There are 2 protein chains.
Amino acid sequence: MSDQTVPDTARFAQQLKKGVLEMLVLRLLSEHPSHGYELIQRLRKQSGGLLDLKEGTLYPILYRLEDDGCITSAWKNTEPGKQRPTPRKVYTVTPQGQQMLIRQMETWRAFATCVEEFCKEETP
Amino acid sequence: MSDQTVPDTARFAQQLKKGVLEMLVLRLLSEHPSHGYELIQRLRKQSGGLLDLKEGTLYPILYRLEDDGCITSAWKNTEPGKQRPTPRKVYTVTPQGQQMLIRQMETWRAFATCVEEFCKEETP
DNA sequence: AACATATACTTAGCAAAACTAAATATATAC
DNA sequence: GTATATATTTAGTTTTGCTAAGTATATGTT
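In this text, all values refer to a predicted model and were calculated from it rather than measured experimentally.

Trainee: Residues and numbers for the packing of aromatic side chains, please.
Mentor: Within the structure shown, the criterion is met by 5 aromatic pairs over all chains. Within the aromatic cluster, the residues linked to one another by ring pairs are W108 and F111 of chain A together with W108 and F111 of chain B.

Trainee: Could you give me a rundown of the packing of helix α5 (residues 95-120) of chain A against helix α1 (residues 8-16) of chain B, with the residues and numbers involved?
Mentor: Pairs of packed helices are described in terms of their axes, by the angle between the two and the distance that separates them. α1 of chain B packs onto α5 of chain A with a crossing angle of 40 degrees between their chain directions and a minimal axis gap of 10 Å. By the angle between their directions, the pair α5 of chain A and α1 of chain B is classed as oblique. In this structure, α5 of chain A meets α1 of chain B at a crossing whose hand is right-handed. Touching M100, R103, Q104, T107, W108 and F111 of chain A of α5 of chain A are D8, T9, F12, A13 and L16 of chain B, all from α1 of chain B. When its residues are assigned to classes, the contact of α5 of chain A with α1 of chain B shows 6 nonpolar, 3 polar and 2 charged.

Trainee: Break down the interface of chain B and chain A for me, citing the residues and quoting the values.
Mentor: Listed per partner, the contact involves 42 residues of chain B and 42 residues of chain A. Buried area between chain B and chain A, both sides added, is near 4000 Å², and the carbon and sulfur share of it is 68%. A per-residue breakdown of the area chain B buries against chain A is headed by F12, F111 and F118 of chain B, which together make up 19% of the total. At the junction of chain B with chain A, the criterion picks out 6 salt bridges.

Trainee: Any chance you could break down the pattern of salt bridges for me, citing the residues and the numbers?
Mentor: Where charged atoms from two side chains of opposite charge approach closely, those side chains can pair. This structure, assessed with the given rule, holds 14 salt bridges over all chains. Put simply, R103 of chain A and D8 of chain B hold a salt bridge, and the shortest N to O gap is 3.5 Å. Taken together, the residues R103 of chain A in helix α5 and D8 of chain B in helix α1 connect one chain to another. Across the pair E116 of chain B and R109 of chain A runs a salt bridge whose closest N-O atoms are separated by 3.3 Å.

Trainee: How would you explain the relation of the copies chain B and chain A if you had to name every residue and give the values?
Mentor: Rotating chain B by 180 degrees about the axis while translating it 0.0 Å along that axis superimposes it on chain A, leaving an RMSD of 0.1 Å. Seen this way, the second copy is the image of the first under a two-fold rotation axis. Comparing contact sets, 100% of the residues at the interface of chain B also lie at the interface in chain A, consistent with an isologous, same-surface contact.

Trainee: How would you explain the nonpolar core if you had to name every residue and give the values?
Mentor: Ranked by internal contacts, the top residues of the largest apolar core, which has 65 residues, are M23, V25 and W108 of chain A together with M23, V25 and W108 of chain B. The element best represented in this core is α5 of chain A, accounting for 10 residues. Apart from residues lying up to four places away in sequence, W108 of chain B is in contact with F12, L16, W108, F111, A112, V115, E116 and C119 of chain A together with V20 and M23 of chain B.

Trainee: Outline α5 of chain A, supporting the account with residue identities and numerical values.
Mentor: In this model α5 of chain A runs 37 Å from its N-terminal to its C-terminal C-alpha over 26 residues, within 8% of the 38 Å that 1.5 Å per residue would give. Among the residues of α5 of chain A, G97, M100, L101, Q104, M105, W108, F111, A112, C114, V115, F118 and C119 of chain A are the ones counted as buried.

Trainee: Lay out α1 of chain B in plain terms, naming residues and giving numbers.
Mentor: Within α1 of chain B the residues assigned to the buried category are D8, F12 and L16 of chain B. Across the axial projection of α1 of chain B, the buried residues extend over an arc of 85 degrees, all falling on one side. In this structure, the buried side of α1 of chain B is in contact with α2 (20-31) and α5 of chain A together with α2 (20-31) of chain B.

Trainee: Describe the environment of L28 of chain A, and please don't skip the residues or the numbers.
Mentor: Within the fold, L28 of chain A resides in helix α2. The class for L28 of chain A is buried, based on a relative accessible area of 0%. L28 of chain A has contacts with L39, R42, L43 and Q46 of chain A together with F118 of chain B, leaving out every residue within four places of it along the chain.

Reading the values: the criteria
- Residues numbered from 1 in each chain as written.
- Chains lettered and ligands numbered in written order.
- Predicted model: local features only at pLDDT ≥ 70, side-chain atom pairs only at ≥ 80, totals over all residues.
- Heavy atoms only, no water.
- Phe/Tyr/Trp six-rings, centres within 6.5 Å; stacked < 30°, edge-to-face > 60°.
- Axes fitted to C-alpha atoms, helices over the stretch in contact; angles between N-to-C directions.
- Helix = DSSP H or I, 4+ residues; strand = E, 2+ residues; numbered from the N terminus.
- Parallel < 35°, antiparallel > 145°, perpendicular 65-115°, else oblique.
- Left-handed = near helix turned anticlockwise from the far one by under 90°.
- Contact = heavy atoms within 4.5 Å.
- Nonpolar A, V, L, I, M, F, W, Y, C, P; charged D, E, K, R; others polar.
- Buried area = accessible area lost by both parts, 1.4 Å probe.
- Salt bridge = Lys/Arg side-chain N within 4 Å of Asp/Glu carboxyl O.
- Least-squares fit on C-alpha atoms with pLDDT ≥ 70 in both.
- Core = buried A, V, L, I, M, F, W, Y, C linked by side-chain atoms within 4.5 Å.
- Buried < 20%, exposed > 50% of the residue type's maximum accessible area, 1.4 Å probe, protein only.
- Expected span 1.5 Å × (residues − 1).
- Arc of directions from axis to C-beta.

The following block contains the structure:
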């Protein structure tokens with residue numbers, strides 16, 4: 001009997017995100033720059049609730065991408081005509097990050113197609 | 001300057017496999033039982049070389065699946081009319097494993113569809 | 001006979017990434 | 001005053017794929 005605190009489908013779904021979240025963050029930022037908290041909301045909305053990241057998941061991804069030179073950050077404490085309650089760190093994709101995104105999307109497509117091949121085969 | 005022993009595309013591709021390998025192994029075994037070494041070959045062949053697992057990757061997956069009751073194993077030292085060089089451990093999917101496979105394929109499909117949505121959008 | 005290769009399973013230890021959980025801080029609503 | 005929404009940070013855990021090495025037998029090559 002397994003000490004199943006987490007149902008196995010949740011554990012599986014968690015593993016599927018490995019690597020992909022980085023690609024999706026890069027993808028969203030390539031549409032337009034955002035700060036961390038906003039990215040969490042955009043991910044939740046555009047995924048229909050399937051991707052509901054906690055801060056502890058998203059921010060380390062951003063730090064990694066910045067360390068790798070894929071994005072840059074800039075503090076935006078104020079906005080013209082409106083004082084922000086809390087300081088925001090706005091992230092923008094670099095050309096290097098754009099290249100990375102393209103490579104990752106190609107890699108993803110090839111991988112997903114491969115997996116689909118396995119799944120669709122029915123024993124004749 | 002990063003100590004890039006592994007190119008970032010390889011690192012990304014490695015992460016994409018997380019969880020999926022377990023599903024694919026279950027999928028292959030649901031077609032017909034196999035032993036470990038044969039599974040490595042079937043994965044390599046059916047993926048067009050994209051999935052080329054080392055033993056140290058595959059066998060722990062099999063042990064996990066067996067611990068979880070998704071597959072059973074049986075030693076097959078001899079074959080009718082032909083002596084095998086080395087003993088083989090043949091794995092078979094259990095009804096529980098079959099259920100798990102179905103759930104995982106559904107989860108995969110939903111996730112992959114979601115990711116495709118992100119990738120296909122072009123800035124208008 | 002010595003050696004390499006293909007077969008076949010096992011296992012120890014490492015790296016990467018998502019997770020939980022908590023801490024910090026400000027503005028607004030009740 | 002307390003709760004809630006906003007917003008960032010970080011420590012520690014778990015899962016999983018990876019490298020690398022070890023064990024063992026049969027077959028082919030020199």
